[in-house]
Amino acid sequence: MRYSLNLPTDYKNDLPRFGDFDVIVAGAGPAGVAAAVTAAELDLKVLIIERLGFCGGAAVAGLSGTICGLYKSVEDTSNSEPEQLVFGFAERFRHALIEAGGLTEPQIYGKTWVATHDCAKYKKVATDMLRQDNITVLYHTQMVDVIAEDDTLKGLVLHTKSGFTSVYAQRVIDASGDADVVFKLGQKTRKGQNGIIQNPTMMFKVGNVDMETYLDYWGENTISPPKVVSMLEANDALLRKKVWLFPTVNPGELLVNATKITGFDKRALDVTDPVDHTEAEQFSIYQADEFFNFMKANLPGCENSYFIDYATEVGVRQTRSIDGIKTLTNDNVVNGDKCSDAIVKSAWPIELHYGDKPRTEWLVDDHYEVPFHTLVPKHGKNLIVAGRCLSSEHEALASCRVTAQCFEYGKAAALATHISIKEALDFQAIDGKRIADLM
Ligand SMILES: Cc1cc2nc3c(=O)[nH]c(=O)nc-3n(C[C@H](O)[C@H](O)[C@H](O)COP(=O)(O)OP(=O)(O)OC[C@H]3O[C@@H](n4cnc5c(N)ncnc54)[C@H](O)[C@@H]3O)c2cc1C
């Protein structure tokens, strides 16, 4: 065994106490931001911690770049107008981004639409929302362990530049994306299909594109047209054969979602292991550069473009999923299943990043619903998750993990936390219909 799960108990008990809160939110991605803001507005005293120096998670650090999951899917996007399906916190954030000039109009993505956000504006909007009296924000702080009595969570151990500290709370929302808190509490988690997860992608941005010429060639659909797929299939240096390119709010700028990240030997990586994660970051540099060279050489309008930058870190789509009271199954998604305790709707396709080409399986003119108890681990007290680490099967996660839905998971987790504290109820005992009614 290379890594140990927990620190010695006596060591944890001797730590200085940073403070006491109603709720700690671990991770400030889309789900964590929505959870912290919603909890604070319910008058809970909130601490949100984040290992990076800003919020947004994969949507900002990973430059994931668009809000997916907002709209319905239809057979023919060229003859339809986008119809919004998800509102709630996602709509509030979307609106604030538009006000800040940080979101494009809806753009065609296959049989649905997305809207591309500007990461600088995203940071500003989220920062404004988090600056409230009853929210304490701690950046550059990593949750490294739990403080628990048996399976009852009492607090977290944090690591900072100044050393270790402890924080205590009545409830914890695990919005780490990786289910770090659930994992450290020793609760069951699973990874992908037999341990194989969807491949990561290194996103990057390109400037000085002659957008008119580019759009004339590529078309309105942000997914690569067949002529580009054929060129990619003939190029052995590029591992991914179907790509997405998004014009951004900035003139002449493209956001590029085009790399498939493996090990240098092409093996699938497990990015919860820092050895594999490091290799992912390194391999990313070469794949991104390779795709940029392809763009310059082959895509009209990109001849004089320049490489703006890589994402801050490689974009991770999937790591640990919890073992929840309910699990969103692949069939739930494909069949468009509805439920009485729905916290959010989704018509986002199964967008499975596995193999040469990401597989997109559409749910046209329909949607499925995500039940509340996918956020609640079967065991462990005082703990709920929000975000992509919810309980879902492998292919279901390839649909339900996108940003609009993650915002709503955060909101639902905060609503449940409020009820759980006020009524001294375990998360497992909360009637999901109550949360559904409050969404
Ligand atoms: C390459 C790529 C492209 C994508 N494209 C899109 C897209 O176009 N549109 C879309 O809607 N979605 C897209 N997604 C999906 C979307 O970005 C994520 O699913 C979403 O960001 C997940 O939100 P989250 O809050 O659950 O987790 P994350 O965004 O992963 O946020 C988790 C946060 O927790 C922090 N954290 C983790 N562990 C700890 C710890 N121990 N202590 C402290 N902090 C911690 C992390 O730093 C991070 O900020 C994409 C994802 C990837 C990887």
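Residues numbered from 1 in each chain as written. Predicted model: local features only at pLDDT ≥ 70, side-chain atom pairs only at ≥ 80, totals over all residues. Heavy atoms only, no water.

Attention now moves to the overall build of the protein chain. Of the regular secondary structure elements, the protein chain holds 12 helices and 20 strands. What you see for the protein chain is a C-alpha radius of gyration of 21 Å, in line with the 22 Å of a compact globule of 439 residues. When its C-alpha atoms are laid out on the principal axes, the protein chain stretches across 60 × 45 × 40 Å. Relative to its 439 residues, the protein chain shows a buried fraction of 59%. A fraction of 74% describes how many contacts in the protein chain between residues 6 or more apart in sequence connect residues 24 or more apart. Working note: accessible area of the protein chain is about 17,300 Å², and carbon and sulfur atoms make up 48% of it. (Helix = DSSP H or I, 4+ residues; strand = E, 2+ residues; numbered from the N terminus. Rg over C-alpha atoms; globule rule 2.2 N^0.38 Å. Buried < 20%, exposed > 50% of the residue type's maximum accessible area, 1.4 Å probe, protein only. Contact = heavy atoms within 4.5 Å. Areas by Shrake-Rupley, 256 points an atom, 1.4 Å probe, with all protein chains shown as cover.)

With that settled, consider helix H2 (residues 30-41). Its 12 residues give H2 an end-to-end C-alpha distance of 17 Å, which sits within 8% of 16 Å, the value for a rise of 1.5 Å per residue. Taking burial as the measure, the 12 residues of H2 include 11 buried ones, the bulk of the element. For H2, the full list of buried residues reads Pro30, Ala31, Gly32, Val33, Ala34, Ala35, Ala36, Val37, Thr38, Ala39 and Ala40. Just downstream of H2, Asp43 is the residue with a positive phi angle, here 70°. (Expected span 1.5 Å × (residues − 1).)

So, about the site of the ligand. Taken together, the neighbourhood of the ligand is formed by 33 residues, with Glu50, Thr66, Cys68, Arg401 and Thr403 sitting nearest. Here an oxygen atom of the ligand sits 3.3 Å away from a polar atom, N or O, in the main chain of Pro30. The separation between a nitrogen atom of the ligand and a polar main-chain atom of Thr66 is 2.6 Å. Its free accessible area being 990 Å², the ligand has 97% of it covered by the protein chains. Put simply, the parts of the chain that give the shell around the ligand at least two residues each are H2, strand S3 (66-67), strand S7 (142-149) and helix H11 (403-422). Along the lines of polarity and charge, the residues of the shell around the ligand split into 13 nonpolar, 14 polar and six charged. (Near = heavy atom within 4 Å. Polar contact = N/O pair within 3.5 Å; in protein donor to acceptor, adjacent residues only side chain to side chain. Nonpolar A, V, L, I, M, F, W, Y, C, P; charged D, E, K, R; others polar.)

Moving on: the nonpolar core. Formed by 143 residues in total, the largest nonpolar core has its most connected members in Leu156, Leu245, Phe291, Met295 and Tyr409. Looking at this core element by element, the count peaks at 11 residues for H11. Beyond its immediate sequence surroundings of up to four residues, Met295 is in contact with Phe204, Val206, Leu245, Leu254, Val256 and Cys302. (Core = buried A, V, L, I, M, F, W, Y, C linked by side-chain atoms within 4.5 Å.)

A turn of α-helix holds 3.6 residues, and therefore any two residues three or four places apart point the same way. With 12 residues, helix H3 (residues 88-99) should cover 16 Å at 1.5 Å per step; its first-to-last C-alpha distance of 17 Å lies within 8% of that length. Three or more residues of H3 are buried, namely Phe89, Ala90, Glu91, Phe93, Arg94 and Leu97. Looking one or two residues beyond H3, the residue adopting positive phi is Gly101, at roughly 70°.

This part takes up the domain arrangement of the protein chain. Split by domain assignment, the protein chain resolves into domain 1 (17-73 + 117-193 + 321-438) and domain 2 (204-310). Put simply, the middle of domain 1 and the middle of domain 2, counted by C-alpha atoms, are 29 Å apart. Listed by partner, the interface residues are 14 residues for domain 1 and 17 residues for domain 2. Between domain 1 and domain 2 the total buried area reaches about 1,200 Å² when both faces are included, carbon and sulfur atoms providing 60% of it. It is Leu63, Asp356 and Lys357 in domain 1 that bury the most area against domain 2; as a group they hold 36% of the surface buried on that side. Taken together, the connections running from domain 1 to domain 2 amount to two salt bridges. When the shortest N-O distance is used, the salt bridge between Asp270 and Lys191 registers 2.9 Å. Taken together, the links from domain 1 to domain 2 amount to six residue pairs in polar contact (both at pLDDT 80 or more). In the side of domain 1 that touches domain 2, the residues fall into three nonpolar, six polar and five charged. (Domains from an automatic or database assignment. Buried area = accessible area lost by both parts, 1.4 Å probe. Salt bridge = Lys/Arg side-chain N within 4 Å of Asp/Glu carboxyl O.)

Here we have three strands laid out as an open sheet, ordered S3-S5-S4, and antiparallel in their pairing. Strand pairing shows two members of the sheet lacking a second neighbour, S3 and strand S4 (107-109), which therefore form its edges. Here two bridges tie S3 to strand S5 (residues 112-116), and the two strands are oriented antiparallel to one another. Each bridged residue has a counterpart across the sheet, and for Thr66 the counterpart in S5 is Thr116. (Pairing = 2+ DSSP bridges.)

One can find Ser224 in the loop between helix H6 (211-218) and helix H7 (226-233). Judged by relative accessible area, which is 8%, Ser224 ranks as buried. Each residue touching Ser224, except ones within four places of it in the same chain, is listed here: Trp218, Val229, Lys242 and Val243.

Our next topic: the pairing of strand S13 (residues 254-257). Where burial is concerned, the two faces of S13 agree: the one with Leu254 and Val256 and the one with Leu255 and Asn257 are both buried. As defined by bridge partners, strand S11 (residues 204-207) adjoins S13 across three bridges and the pair is classed as antiparallel. Directly across from Lys205, in S13, lies its bridge partner Leu255. Pairing of strand S12 (residues 244-247) with S13 involves four bridges; the strand directions are antiparallel.

One non-glycine residue, Lys266, lies in positive phi territory at about 75°. Mapping Lys266 onto the fold places it in the loop between S13 and helix H8 (274-298). Phi is positive for Ala424, close to 50°, though the residue is something other than glycine.

It is the contact of H2 with H11, at a shortest axis distance of 7 Å, that shows an interaxial angle of 35°. Seen along the crossing, H2 lies across H11 with a hand that is right-handed. Contacts between H2 and H11 involve Pro30, Ala31, Ala34, Ala35, Thr38 and Ala39 on the former and, on the latter, Thr403, Cys406, Phe407, Gly410, Lys411, Ala414 and Leu415. Residue classes in the contact of H2 with H11 are distributed as nine nonpolar, three polar and one charged. (Axes fitted to C-alpha atoms, helices over the stretch in contact; angles between N-to-C directions. Left-handed = near helix turned anticlockwise from the far one by under 90°.)

For the structure on display, the rule yields zero disulfides. For Cys339, which is in no disulfide, the shortest distance to another cysteine sulfur is to Cys400 and amounts to 12 Å. (Disulfide = S-S within 2.5 Å.)

This paragraph deals with the environment of Pro349. Counting through the fold element by element, Pro349 comes out in the loop between strand S16 (342-346) and strand S17 (350-352). Expressed as a C-alpha distance, the spacing of Pro349 and Asp43, which sit 306 residues apart in the sequence, is 36 Å. Excluding its chain neighbours within four sequence positions, the residues that come into contact with Pro349 are Glu361, Trp362, Ala398 and Ser399.

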